[in-house]
Amino acid sequence: MAIADFGDCTVVESGEEAIATFSAALKSEPFDLIFMDIMLPGMDGLQALEHIRDLEAKQGVAPGQEAKAIITTALDDDDKATRAYIHGQAISYITKPIREDKVQDELKKFGLIN
């Protein structure tokens, strides 16, 4: 199973690229979901997500209407998880290895798939 099975996907390789891609999409077709790894080259995924939240606020995206964010990581780190939820407003935090059933459960839990 791939996330692409559930909709259009855009893949980026760095935090900076994630911000640039999200910013461009925000002006025309905003993303519904961000599936972000914490450990990215350059800016990490949490920093990128915090920048993305700033972009949404500056564009006037109403609270509760932001793109949903699921954070993935190989780290089992409570501080990173807390930061993802509080500062990045993540809806979920999945540790690797990422299993298909776990991804599907999270997508279902938040009404992103049936």
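Before reading on, note that the structure itself is shown above.
Scoring rules and cut-offs
Residues numbered from 1 in each chain as written. Predicted model: local features only at pLDDT ≥ 70, side-chain atom pairs only at ≥ 80, totals over all residues. Heavy atoms only, no water. Pairing = 2+ DSSP bridges. Helix = DSSP H or I, 4+ residues; strand = E, 2+ residues; numbered from the N terminus. Axes fitted to C-alpha atoms, helices over the stretch in contact; angles between N-to-C directions. Contact = heavy atoms within 4.5 Å.

1. Considering the sheet that holds strand β3 (residues 92–95)
Turning to step 1, where the next piece is worked out: Strand order in this open sheet of 3 strands is β1-β2-β3, and the pairing throughout is parallel. Strand pairing shows two members of the sheet lacking a second neighbour, β1 (33–37) and β3, which therefore form its edges. The average angle at which neighbouring strand axes cross in this sheet is 20°, direction not considered.
Turning to step 2, where the next piece is worked out: Looking at chain direction, strand β2 (residues 68–73) and β3 are connected through 4 bridges and run parallel. When the sheet's bridge partners are listed, Thr-73 is paired in β3 with Thr-95.
Turning to step 3, where the next piece is worked out: In this fold helix α3 (residues 78–86) packs onto β2 and β3, with an angle of close to 150° to the strand it touches most, β3.
Turning to step 4, where the next piece is worked out: Docked against the sheet, helix α4 (residues 100–109) engages β1, β2 and β3, running at close to 175° with respect to β3.

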